[in-house]
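Okay, here's what each chain looks like letter by letter:
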Amino acid sequence: MELSGRVALVTGGAIRVGKAIAGALADRGAHVGFTYHSSADQAVETLAELRERGVPAHAVRCDQRDPRQVEAAVRELEAALGPTSVLVNSAAIFQHTPFENATLEDWDSHLEINLRGPWLFARAVAPEMRRRGEGVIINIVDIASERPFPGYLPYSISKAGVAALTRGLAHALAPQVRVLGISPGEVMWPEGFPEEQKQLLIAKAPLKREGSPDDIARTVVFMVEGSDYLTGAILPVDGGRSVV
């Protein structure tokens, strides 16, 4: 699928990895819509940057825990830009939740935002993709889906669910819609992440360095444009962490 002229929707596209993905899609000529939740100021900046690239762009606030907001966000973005050809589920939370202190709210918020949210967005765009006979859904997973982080169990479990969702949707939506996942490693640290832990994690990777949001963004572009015979795969972009 060529991105030029097609509509791409990126959840959490105002900041961090989501912003890099939105920019990379716009650079390929896609018309980019994105959602944000609490990053209103950054959304204004990102929207301006996308339009400066010469492509139509639109942003909408959405709390993806709410099915009604997800449906409304998709309808607004499609009214502004056209039917969605590419969905990238990037929005997520990543909170430190030691086992002894994790609450039911911690579990619910991670599962609702990180796992149910991508399913809700896929449910909103997939019927029209299937009717038109084309579409690509890409979910951002995490190496924690296979190697859970002890201090981040609700996050890790939610991402394991995203991995299962990716493989399940690839089967359920075939042959019209391709569904893929990207499993980042040390690409962008959460605020306040201890420097000592950063260096320990980097040292474990065969490439001995951290990645960047652009590494993920370029992988998204490849998955859309590189091969139409690719579905159900979850590609680790982790400096080799997954093989050691």
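Scroll up to find the structure this text is about.
Residues numbered from 1 in each chain as written. Predicted model: local features only at pLDDT ≥ 70, side-chain atom pairs only at ≥ 80, totals over all residues. Heavy atoms only, no water.

Focus on the packing of helix H4 (residues 104-132) against helix H5 (residues 153-172)
Close contact between H4 and H5 brings their axes to 8 Å; oriented N to C, the two are set at 15°. One finds that H4 runs roughly parallel with respect to H5. The two elements H4 and H5 cross, and the hand of that crossing is right-handed. Judged by residue contacts, Asp106, Trp107, His110, Leu111, Asn114, Leu115, Pro118, Trp119, Ala122 and Arg130 of H4 engage Leu153, Pro154, Tyr155, Ile157, Ser158, Gly161, Val162, Leu165, Leu169 and Ala172 from H5. (Axes fitted to C-alpha atoms, helices over the stretch in contact; angles between N-to-C directions. Helix = DSSP H or I, 4+ residues; strand = E, 2+ residues; numbered from the N terminus. Parallel < 35°, antiparallel > 145°, perpendicular 65-115°, else oblique. Left-handed = near helix turned anticlockwise from the far one by under 90°. Contact = heavy atoms within 4.5 Å.)

A look at helix H3 (residues 67-81)
Working note: α-helix, 3.6 residues per turn, so residues spaced by three or four point in the same direction. For H3, with 15 residues, the first-to-last C-alpha span of 21 Å sits near the 21 Å given by 1.5 Å per residue. For H3, the set of buried residues is Val70, Ala73, Val74, Leu77, Glu78 and Leu81. One side of H3 carries all its buried residues, which in axial view fall inside an arc of 125°. In H3, those exposed residues whose orientation departs by more than 90 degrees from the buried face are Arg68 and Ala79. (Expected span 1.5 Å × (residues − 1). Buried < 20%, exposed > 50% of the residue type's maximum accessible area, 1.4 Å probe, protein only. Arc of directions from axis to C-beta.)

Comments concerning the environment of Pro154
Mapping Pro154 onto the fold places it in helix H5. Classification of Pro154 by relative accessible area gives buried; the value is 0%. Note: C-alpha distance between Pro154 and Thr103 (51 residues apart in sequence) is 9.6 Å. If near-sequence neighbours (up to four positions away) are discounted, Pro154 is found in contact with Thr97, Asp106, Trp107 and His110.

A few points about H4
Over its 29 residues, H4 extends 41 Å from the first C-alpha to the last, a length consistent with the 42 Å expected when each residue adds 1.5 Å. At Arg116, H4 is deflected by roughly 40°, the largest bend along its length, and proline Pro118 occurs up to four residues later in sequence. Phi turns positive one or two residues past the end of H4, at Gly133, with a value near 85°. (Bend = angle between axes of the 7 residues up to and from the residue.)

So, the nonpolar core
Within the largest apolar cluster, 37 residues are counted, with the highest numbers of intra-cluster contacts made by Ile21, Leu25, Phe34, Val88 and Ile138. For this core, the element with the most residues is helix H1 (residues 16-27), which contributes 7 residues. Among the nonpolar cores identified, the runner-up in size contains 22 residues, and Val70, Val74, Leu120 and Ala122 belong to it. (Core = buried A, V, L, I, M, F, W, Y, C linked by side-chain atoms within 4.5 Å.)

Some words on the pattern of salt bridges
The final tally for this structure, using the stated rule, is 15 salt bridges. A salt bridge links Arg28 to Glu225, with the nearest nitrogen and oxygen atoms 2.8 Å apart. You can see Arg28 sitting in the loop between H1 and strand S2 (31-36) and its partner Glu225 sitting in helix H7 (residues 213-225), a full 197 residues away along the chain. Residue class for Arg28 comes out partly exposed when judged on its relative accessible area of 44%. Residue classification places Glu225 among the partly exposed residues on the basis of a relative accessible area of 23%. (Salt bridge = Lys/Arg side-chain N within 4 Å of Asp/Glu carboxyl O.)

Structural notes on the sheet that holds strand S3 (residues 57-61)
Read from one edge to the other, the open sheet built from 7 strands follows the order S3-S2-S1-S4-S5-S6-S7, with strand pairing classed as parallel. Only two strands of the sheet have a single partner each, and these edge strands are S3 and strand S7 (234-237). Across the sheet, the mean angle from the axis of one strand to that of its neighbour is 20°, orientation sign disregarded. In the sheet, strand S5 (residues 136-140) pairs with strand S6 (residues 178-184) via 5 bridges, with the strands oriented parallel. Counterpart to Asn139 in the pairing with S6 is Gly181. Strands S2 and S3 of the sheet are contacted by helix H2 (residues 40-52), whose axis makes an angle of about 175° with S2. Its contacts with the sheet put H7 on strand S4 (84-89), S5, S6 and S7, and the angle it makes with S6 is roughly 160°. (Pairing = 2+ DSSP bridges.)

Comments concerning the pairing of strand S1 (residues 7-11)
Among the 5 residues that make up S1, 5 are buried, leaving the element largely enclosed by the rest of the structure. Bridge count between S1 and S2: 4 bridges; the pairing is parallel. Paired with Val10 across the two strands is Phe34, which belongs to S2. Between the parallel elements S1 and S2, the chain passes through H1 in a crossover that is right-handed. For S1 and S4, the ladder comprises 5 bridges, and the chain directions are parallel. (Right-handed = clockwise from strand over helix to strand, strands pointing away.)

Here we look at the packing of aromatic side chains
Applying the stated criterion across every chain, the model contains 4 aromatic pairs. An angle of 90° between the planes, with centres 6.3 Å apart, marks the rings of Phe94 and Phe149 as edge-to-face. Here the residue Phe94 occupies a position in the loop between S4 and H4, and Phe149 occupies one in the loop between S5 and H5, the gap between them amounting to 55 residues. Assessed through its relative accessible area of 25%, Phe94 is described here as partly exposed. The exposure class of Phe149 is buried, given its relative accessible area of 18%. Linked through ring pairs, Phe94, Phe149, Tyr152 and Tyr155 together constitute an aromatic cluster. (Phe/Tyr/Trp six-rings, centres within 6.5 Å; stacked < 30°, edge-to-face > 60°.)

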